[in-house]
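Examining the three-dimensional arrangement
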Amino acid sequence: MSSSRTIMRRCYQGVVLLSVLAIAPITWAWLSSSGHRAVADSSPGWVAGVPEAPVALVLGAGVVGDVPSPMLARRLDISAQLYRAGRVEAILLSGDNSRREYDEPTVMRDYLLASGVPAGALVLDYAGFDTWDSCVRARTVFGATKVTVVTQVFHLPRAVTLCRTAGLDTFGVGDDSSKLWVSTYGLAAREFLASAKGLVDSVLLDSPPVFPGPRETTLETALRRG
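In this convention, every chain numbers its residues from 1, walking through the sequence in written order. Residues qualify for local features only when their pLDDT is at least 70, as the model is predicted, and side-chain atom pairs are given and counted only at 80 or more; totals for whole chains, interfaces and linings, by contrast, use all residues. Working from all heavy atoms in the structure, the side-chain values ignore hydrogens and water.

Relative to each other, helix H4 (residues 131-140) and helix H5 (residues 156-165) sit at 40°, their axes nearing to 9 Å. Relative to H5, the element H4 lies oblique. For the crossing formed where H4 meets H5, the hand is right-handed. Together, Thr-131, Trp-132 and Cys-135 of H4 and Arg-158, Ala-159, Leu-162, Cys-163 and Thr-165 of H5 make up the contact between the two elements. Polar here means any residue other than Ala, Val, Leu, Ile, Met, Phe, Trp, Tyr, Cys and Pro, which are nonpolar, and Asp, Glu, Lys and Arg, which are charged; Gly is therefore polar. Here the contact of H4 with H5 is built from residues that sort into 5 nonpolar, 2 polar and 1 charged. Axis definition: a line fitted to C-alpha atoms, limited for helices to the stretch in contact. Angles are taken between N-to-C directions and run from 0 to 180 degrees. Secondary structure follows DSSP: runs of H or I at least 4 residues long count as helices, runs of E at least 2 residues long count as strands, and numbering of each begins at the N terminus. Roughly parallel means an angle under 35 degrees; roughly antiparallel, over 145; roughly perpendicular, 65 to 115; everything else is oblique. Should the near helix be turned anticlockwise from the far one by less than a right angle, the crossing is left-handed, and should it be turned clockwise, the crossing is right-handed. Any pair of residues with heavy atoms lying within 4.5 Å of one another is described as a contacting pair.

Rendered as structure tokens:
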């Protein structure tokens, strides 16, 4: 009996340990970003509550042909609101252009141009393959120091935390409408895994982006125009 109880106790301790390890990355993201994020459209005057920053960093979220996904369209709409309200001076559009036929940043730019945002305020990063790469490249390639990162609420703690870990003074604004068309359970499960990867990439390995350079001055030019 004593041997059986010992085995059961060790199994229980193992399950507890695995549970703690599983939630540690997402807890890290939530705690690290606390006080540095807001929900878009949470109140009539929500834009005024967003601190001013030189740059809005919009993270890619999928396109179909030349049309942004619903999630990406909302991110772009929010960045346009921030720009028109004078909360940001330029918008850095960071997305995937790893294949010739797939070009997130260009679709993002065209969407904002059609929304009335001037071309001079838009800067494109074609190598934002994941959140960590986008944050690191915003600082090291484009020279950003302070940004407002724009994404969905479920992704916001991780995005803010990774950008802050990359050395950017970061506030985040999230769209909460994704729950209308995407399973919140699936998003929550994805964030557990993605937060673990983000913790490894940023804190444990300090991984360089897939394309670490060269240095660009397009953002500096956009800010001077602004």
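All right, on to the pattern of salt bridges then. For this analysis, a salt bridge means a side-chain nitrogen from Lys or Arg found within 4 Å of a carboxyl oxygen belonging to Asp or Glu. Under the definition given, this model contains 12 salt bridges. The closest approach of N and O atoms between Glu-191 and Arg-158, which form a salt bridge, is 2.9 Å. In this pair, Glu-191 sits in helix H6 (residues 184-204) while Arg-158 sits in helix H5, placing the two residues 33 residues apart along the sequence. The exposure class of Arg-158 is buried, given its relative accessible area of 8%. One salt-bridge network, held together by shared partners, links Asp-41, Arg-74, Asp-77 and Asp-175. Only protein chains enter the area calculation, which uses a 1.4 Å probe; residues under 20% of their type maximum are buried, those over 50% are exposed, and those in between are partly exposed.

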